[in-house]
Amino acid sequence: QVHLVESGGGSVQAGGSLRLSCAASGRLFSINTMRWYHQGPGNQRELIATISSGGSTNYADSVKGRFTISRDNAKNTVYLEMNSLKPEDTGVYFCNLDQNGFRYWGQGTQVTVSS
């Protein structure tokens, strides 16, 4: 009923910037909290940014001051602006939305940061 599609990943040099997008579609009953997760090579998936229906945000310590999560409710889209990228930011980025007790995930978008 809900589909999430991430985009905007790619390759960038350390210190560069990238903007990820996640578009939600389908049967969305309300403005939902949305999240970004990062999964580095050989690591588990970890929460890095959250934005509530009201626009409040939270970040993991590893990305505070460098990443910014935002949303456009009219477009049902959440963004992740990534600045001052580091090699350890390399990995797959997933967006997530919870509705009616079910966790919806996108397919992920790959980000590669070279030193």
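Below you will find a few notes about this structure.

What counts as what
Residue positions are given per chain, counting from 1 as you read along its sequence in written order. Only residues with pLDDT of at least 70 get local features here, since the model is predicted, and only at 80 or more are side-chain atom pairs given and counted; chain-wide, interface and lining totals rely on the full set of residues. Side-chain numbers here rest on the full set of heavy atoms in the structure, without hydrogens or water. Sulfur atoms of two cysteines make up a disulfide when they are within 2.5 Å. Runs of E in the DSSP output that reach at least two residues are strands. Runs of H or I that reach at least four are helices, and both are numbered from the N terminus. Think of it in three bands: residues with accessible area under 20% of the maximum for their type are buried, residues over 50% are exposed, and the middle band is partly exposed, with areas taken using a 1.4 Å probe on protein chains only. Throughout this description, the term salt bridge denotes a Lys or Arg side-chain nitrogen within 4 Å of a carboxyl oxygen of Asp or Glu. Here the aromatic set is Phe, Tyr and Trp, taking the six-membered ring for Trp, and pairing holds for ring centres within 6.5 Å; pairs whose planes are under 30 degrees apart are stacked, those over 60 apart are edge-to-face, and all others are tilted. Charge-over-ring contacts are defined here by two conditions on Lys NZ or Arg CZ: a distance within 6 Å of the ring centre and an angle within 35 degrees of the ring normal. Put simply, buried Ala, Val, Leu, Ile, Met, Phe, Trp, Tyr and Cys residues joined by side-chain atoms within 4.5 Å make one nonpolar core. In this analysis, two residues are considered to be in contact whenever any of their non-hydrogen atoms come within 4.5 Å of each other.

1. Examining the state of the cysteines
A complete count under the given rule lists one disulfide for this structure. Between Cys 22 and Cys 95 runs a disulfide, and the two sulfur atoms are separated by 1.8 Å. An S-S torsion of about 50° defines the bridge between Cys 22 and Cys 95 as right-handed. Note that Cys 22 is positioned in strand E3 (residues 18–26) and Cys 95 in strand E9 (residues 91–99), a separation of 73 residues in sequence.

2. Some words on unusual backbone geometry
Positive phi is not limited to glycine here, since Ser 84 has a value of about 50°. Mapped onto the secondary structure, Ser 84 falls in the loop between strand E8 (77–82) and E9. The class for Ser 84 is partly exposed, based on a relative accessible area of 40%. Look at Asn 100: it is not a glycine, yet its phi comes out positive at around 55°.

3. Here's the deal with the pattern of salt bridges
Inspection of the entire model under this criterion finds five salt bridges. Here Lys 64 makes a salt bridge to Asp 61, at a shortest N to O gap of 3.2 Å. Close ionic contact of Asp 89 with Arg 66 constitutes a salt bridge, the shortest N to O distance being 2.8 Å. With Asp 89 in the loop between E8 and E9 and Arg 66 in the loop between strand E6 (57–59) and strand E7 (67–72), this residue pair connects regions lying 23 residues apart in the sequence. Judged on exposure class, the residue Asp 89 and its partner Arg 66 are both buried.

4. Some remarks on the packing of aromatic side chains
One pass over the full model with this rule turns up two aromatic pairs. When the ring centre of Phe 94 is taken as reference, the NZ or CZ atom of Arg 45 above it lies at 3.6 Å. Stacked on the ring of Trp 105, the Lys or Arg Arg 45 has its end atom at 4.7 Å from the ring centre.

5. Remarks on the nonpolar core
The biggest cluster of nonpolar side chains holds 25 residues, and the ones touching the most others in it are Leu 4, Trp 36, Leu 80, Met 82 and Tyr 93. Those elements that provide at least two residues to this core are strand E1 (2–7), E3, strand E4 (34–39), strand E5 (46–51), E7, E8, E9 and strand E11 (109–114). When residues in this core are grouped by element, the largest group, four residues, is from E3. Beyond its immediate stretch of four places on either side in the chain, Met 82 contacts Gly 16, Ser 17, Leu 18, Leu 20, Arg 66, Phe 67, Tyr 93 and Val 111.

6. Digging into the environment of Leu 47
Residue placement: Leu 47 occurs in strand E5. Sequence separation between Leu 47 and Arg 27 is 20 residues; the distance between their C-alpha atoms is 24 Å. If near-sequence neighbours (up to four positions away) are discounted, Leu 47 is found in contact with Arg 35, Trp 36, Tyr 37 and Ala 60.

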